[in-house]
Every structure is written in C-alpha cells, then in structure tokens.
Amino acid sequence: MVATGRKYVFDFDSTLTRVEALDVLAEMTLEGKSNREEIVSEIQRITNLGIDGDISFTESLERRLKLLDANKEDLEKLVAELRQKISKSIAANKEFFEKYSDDIYVISCGFKEFIDPIVKEYNIPSNRVYANTFKFDEQGNIVGFDEKNVLSQHNGKIECLKQMNLDGEVQVIGDGYSDYVMREAGIAHKFFAYTENVHREKAAKNADHVAPNLDEFLFVNDLPRNISYPKNRIKILLLENVHSDAFESLSSEGFSVELLKHSLSEEELVEKIKDVHVLGIRSKTQVTEKVLDAAEKLLVVGAFCIGTTQIDLEYAKRKGVVVFNAPYSNTRSVVELAIGEIIMLMRSVFARSSEIHNGQWQKTAAGSREVRGKNLGIVGYGNIGKQLSVLAEAMGMKVYYYDVNDQLALGNAVKCSTLEDLLNVSDVVTLHVDDNKANKNFIGEREINQMKRGAMLINLSRGFVVDIDALADGLESGKIGGAAVDVYPEEPSSNGDFKTRLQGFPNVILTPHVGGSTEEAQRDIAEFVPNKIMDYINSGNTVDAVNFPNIRLPKQNNAHRFLHIHKNVPGIMAKINKVLAKYELNISSQYLSTDSEVGYVITDLDKEYNKDVIKALKKVENTIKFRVLY
C-alpha cells in the first residue's frame, strides 16, 4: 500500500507529449513509400477509435501494429523525436515532476520501450510507468505485443489502476475517454481532460475539469507551477474585425480569445467587459469612464491603430489599465495612399474615370498637371509626414512642412515657421496631425482662404481636423481645386449608409477611413500590438505604452516578480519597502518609474517567501493594482 496522499496518474500520448507515438513511428518507418500517407492516415483513424472507446483497445493495437513496418532500431530514433515533442506546458513545469515524483505515475496504452526514456528525464522511474511492451522477432522486427499485459486489453487502464491499489485521492490526467473510464469505474476521484494538444469531446464533456494545459491543472490543485496564473484563464476580447493573425498569436500563447467583427456600444461593452482582462479595439469602439468602471479585471487595452482618442487615457491610467497602440505599423500604407491621391487629383483622373463610366469620352489636358516641380505642403512632420516627404521629393516635388514641434528636415524639405506660410506656397496640402483635441477644425474657413487658388487638400489624419462645411464652400467657389478625404468628423460604427456634404464633387476623392487599411499594415499591427500586450502580461514591460510610465524590465531569472501600481503620492515607496522588510524578503532587484499621477514599482525576489506579504502589499494605502508573476 502506498502512503496516504494525493496521487497523479498521467497518460503519455497527446498528454505528456504533443503526439501519438505510434503515429510518429509510422511516419518515420514508412518514409519514402508510395502509400505512406494512406497508411499513416489509417493508423491515426484507428488510434482515435480506440481512444474514444468506439473499438476495443486490443483491436486498435492489433490493427495499428499490423500496419507498421518497424524494427527495434527505429525506437531509438523515435525516442529522439519524442524528446522534441514534449507538451509545451509539461516542459515548462519540470519542477513539479521533480518535487512530486513520488506521487506521479504514468498509465499508458503505449509502450515502455519509448515511454521510459522520456519520463525518466522528468524524474519518473520505470517502476512507476505502466504500459505495454513490444514483441520482436529474431531480426528485431516488431511483430506484436505482450497479450498478458492488462493494458493490452479493453478497459485495461481500469484493471491496471485497481492492481496498483493506490491510497489517497487519485487524479487522472489524460486526453482520451480511455482515461476517463478510470474515474467512471470509481477507482479515480477526479478526471482532468487534457486538451493542450487535442480536444476530444467525449472525454471533455465527462471530465471533472477541462485542463487546456498543465498550468490549469496545477493552479486548480494549488501546486508549484511555472506561471502564477494560467493563461487560459486570461480572457481577451478583440473587437472590430481585428486581423485574424492577432487572434492566432494570442490563442497560440494559451489565452482565451473571443473575436467579434463589429464594435460595441457603450452599454454593450459595459456588459461584455466585466470578466475581460485584455481588450483589443480599432477606432470605433469608445472606451469611456463608464466602461472602465465596469472593467473590474481589465489589465490592458490594445488599440490596433494609431489613434487613441477613443480611449479615456487618463482615466484608464488612474484605474491601472495600460494602453498600447500601433504608431508605426500602418504608416507606409497611409503614405502610399497620399502619394496616389496627389497624382490622381493633379491629373483629374477621377473626373475622367467618372465620365467614361457614364458613357462619355472627354479626352483633354485641361486641369491635368504633372506633380514634378509642384510644391507639396506637409502639415505634421512625424512618422508619416517624413516618409511622405522623401517619396514626394523623389518624384520631383518641392516639399515644405509645418509642425508645432521642432522636427529635423529630411532631404531638401523646407521648414515653414507658420501654418500660413505653408498654405500660401503649397500646390497640394496634406494633413498628418495627431489626435490632440486642440486640432479640431485646424483647417477652417480662415486657413482655406490662405491657400493658393486651385490648390488641393488631402486629409488622411483625423476627421475633426477639417471643417467640412468650410471645405465644401471652398470647393464650390473654386478656391480649392480638389480634395481627398479619408476621415470624417462623424463616422458610422458599421458599414452601411453614409452622408457628407462632400459627395457629388467630381474633383473630390472620398474613401471610408481606409488610409491604414492594407493587408500588410493590418498584419503588421496584428503582430506589433499582441506582442506588446503579451510582454506586459507575461513580464510587466510597459515600453511604448501611451498612458503609463515606460519601463523596460530584464527577463525574470528564477525569481518571483511583484508588480505594484499606485498613486504617485509622497511616502508610498517607503510603505512598500517597509512591508517587504517586515516579511524579510530577499530582493534581487527593484525598478520604479513614475509620472505625475501614478507610480509603477517592480520587485524581483527569491521564490521562497511568506504568502501573507501579498495581502499586505495589496492593503498599502493608494494601491491601484497589484499582481504577482512567476
């Protein structure tokens, strides 16, 4: 009889490893054969039938071995391959197997010849591995299995566990229905359906608990684990049809991700966000004070765009919610559209195209001009403005720019000291200003009157920057020779009807806020923003956060990390360190970054510490948020 305590019984295939070992063996030994794919597919089909209990395991084993063409020498190669296919969360939690090795067993319908060498590296000895064994002929060919072994029989795992006669609570962790039957027979107390590698519905629906990874199993049992909080418990909500690559990258990291194609109203978002840890949006969803008050678990907001005016940044900061955006990912897309529209407007291409569509042939050079030698005025000489400056100059345009901040000119660009100076000289004016509320109606009647007669105006920045009525009046009077507008003061939350006074002008290009919407840009954003989100969730890094003290943290090295967000008031660091000193913590490093409102302190310390310190740190006056990483 084994000493009383909790015992953990693991399956091997698709649990400890990401694969079914016999499938891998088949792929290796059938390499080069014309019917390889057909045989491997059949072996996989038979494997699943046995795992789900649709055929007896004995039948499953016999049929699979008949299809194999394997030798004892192949097993060494198989073991080497399996070492590379350990389940990700199993490999990350090797410490658990080492610390609890006396309580861990493997019951598998696989074979000890390849299981023993793998689990030995996780401190599980051969005598706690229960599995089948191969039969070999004189040439070492695999010709069968030991029929007397109970694990070669139907429901053999039940009989095997009975014979082991384990005392205490027995928990079974496996991916298949053949693992669940030990719980069904009453000889195991709990069954965890392990779905990290494959989700078998028959096992999952009967499980006491579904474990998407070992972290979840360890968390439920309050056992030592590699990370403090299972990623599958971190809920991420992506709105507005964020690129699918974002969903894939976040899901592959183990997070629970929900993707919606549309934006949500304030009321809808208030209801939806209650259990959300991470929110991903584009430009339409409004993250208001009311939304943030309802978001009790929210840690971070990712804006999959450049602008952040749709988010109450200051209130988010006061709530301890970090915000990231994508300031660079779609800049090239905007620049290319601006270049295209400069040429289209100067050549009157849209007017000529509309005439052809309406059945009219109007070949003329009137109103069609080259861009070479013309003056381009760039308002806002940031990431987009500078790229546009270089490309426009390469086409022969003379570039002027105006920016409220001191910006270094690229190439032969000329800096204008006032906006009026730029408007007076430019044949084309293109706007690339930020979303500062002070920029509302930045271009109005006064500014339009300062432009050259017949000049073109392009707005690919923010909808509220241009007074639409003033622009329409300028177009009607001929003061403005043409315009290209991609953003509007008010935009619909979803595709459908749209009205603007700019409609109907032959020399006006209207697009529905697609300046940054190219496949390449959306893919880049879908990589950049999730990486920032994951870096903050996993390590606490806030580099490139738009509303929070920026701090770049080194990688944790065998330590636990305390993340403490607090109001920036005098004496709070002394209070935090007083708590750390009271519990005699061995601090390896500490980092602090503040702004006028909040402070962000990160403390790395040894793994062993009194857990009461966490409660004490959360109670420190003026604490906003606290979490532990390891």
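Residues numbered from 1 in each chain as written. Predicted model: local features only at pLDDT ≥ 70, side-chain atom pairs only at ≥ 80, totals over all residues. Heavy atoms only, no water.

In the nomenclature of an unreviewed UniProt entry, the chain is known as D-3-phosphoglycerate dehydrogenase of Maribacter flavus. As its UniProt record puts it under Function (unreviewed entry), the chain is described as follows: "Catalyzes the reversible oxidation of 3-phospho-D-glycerate to 3-phosphonooxypyruvate, the first step of the phosphorylated L-serine biosynthesis pathway. Also catalyzes the reversible oxidation of 2-hydroxyglutarate to 2-oxoglutarate." Under the UniProt heading Sequence similarities (unreviewed entry), the note attached to the chain is "Belongs to the D-isomer specific 2-hydroxyacid dehydrogenase family." (UniProt positions renumbered as here; feature names shortened; annotations may be inferred.)

Peer 1: Explanation requested: the overall build of the chain in the structure shown.
Peer 2: In terms of helices and strands, the chain carries 24 helices and 24 strands. Its C-alpha radius of gyration of 32 Å places the chain more than 25% over the 25 Å reference for a compact globule of 630 residues. Seen through its principal axes, the chain has C-alpha atoms that stretch 95 × 70 × 45 Å. Here the chain holds 630 residues, and the buried ones make up 51% of them. In the chain, once contacts between residues fewer than 6 apart in sequence are set aside, the share between residues at least 24 apart is 63%. Looking at the chain as shown, the accessible area adds up to about 29300 Å², and 46% of this sits on carbon and sulfur atoms. When the 77 positive and 92 negative side-chain charges of the chain are each reduced to one mean point, those points stand 3 Å apart. (Helix = DSSP H or I, 4+ residues; strand = E, 2+ residues; numbered from the N terminus. Rg over C-alpha atoms; globule rule 2.2 N^0.38 Å. Buried < 20%, exposed > 50% of the residue type's maximum accessible area, 1.4 Å probe, protein only. Contact = heavy atoms within 4.5 Å. Areas by Shrake-Rupley, 256 points an atom, 1.4 Å probe, with all protein chains shown as cover. Lys, Arg positive; Asp, Glu negative; His and termini not counted. Charge placed at Lys NZ, Arg CZ, Asp CG, Glu CD.)

Peer 1: Explain the domain arrangement of the chain here, please?
Peer 2: Many descriptions give the size of an interface as the accessible area lost when the pieces come together. Examined at the domain level, the chain breaks down into domain 1 (6-221), domain 2 (231-324), domain 3 (337-510) and domain 4 (557-628). Each of domain 1 and domain 2 was reduced to a C-alpha centroid, and the two centroids are 40 Å apart. Residue-level contacts link seven residues of domain 1 with four residues of domain 2. Interface of domain 1 and domain 2: buried area, both sides summed, is about 390 Å²; carbon and sulfur atoms make up 32% of it. Taken together, the links from domain 1 to domain 2 amount to two salt bridges. Here Arg 233 and Glu 216 are joined by a salt bridge, their closest N and O atoms 2.8 Å apart. Run the count over domain 1 and domain 2 and you get three residue pairs in polar contact (both at pLDDT 80 or more). When residues of the side of domain 1 that touches domain 2 are assigned to their parent elements, the largest contribution, three residues, is made by helix α11 (residues 214-220). Residue classes in the side of domain 1 that touches domain 2 are distributed as three nonpolar, two polar and two charged. (Domains from an automatic or database assignment. Buried area = accessible area lost by both parts, 1.4 Å probe. Salt bridge = Lys/Arg side-chain N within 4 Å of Asp/Glu carboxyl O. Polar contact = N/O pair within 3.5 Å; in protein donor to acceptor, adjacent residues only side chain to side chain. Nonpolar A, V, L, I, M, F, W, Y, C, P; charged D, E, K, R; others polar.)

Peer 1: Just to check I follow, could you spell out the UniProt feature "domain: ACT" (unreviewed entry) in the chain for this structure?
Peer 2: Under the UniProt annotation, "domain: ACT" (unreviewed entry) lies at residues 561-630. With 26% helix and 43% strand, the stretch residues 561-630 has end C-alpha atoms that lie 6 Å from each other.

Peer 1: Would you mind showing me how to read the packing of helix α16 (residues 331-346) against helix α18 (residues 383-394) here?
Peer 2: Running from amino to carboxyl end, α16 crosses α18 at an angle of 45 degrees, the nearest separation of the two axes being 9 Å. Comparing their axes, α18 and α16 come out oblique. α18 is crossed by α16, and the crossing has right-handed handedness. In contact with Thr 331, Arg 332, Val 334, Val 335, Ala 338 and Ile 339 of α16, α18 contributes Asn 383, Ile 384, Gln 387, Leu 388, Leu 391 and Ala 392. Here the residues of the contact of α16 with α18 are counted per class, giving eight nonpolar, three polar and one charged. (Axes fitted to C-alpha atoms, helices over the stretch in contact; angles between N-to-C directions. Parallel < 35°, antiparallel > 145°, perpendicular 65-115°, else oblique. Left-handed = near helix turned anticlockwise from the far one by under 90°.)

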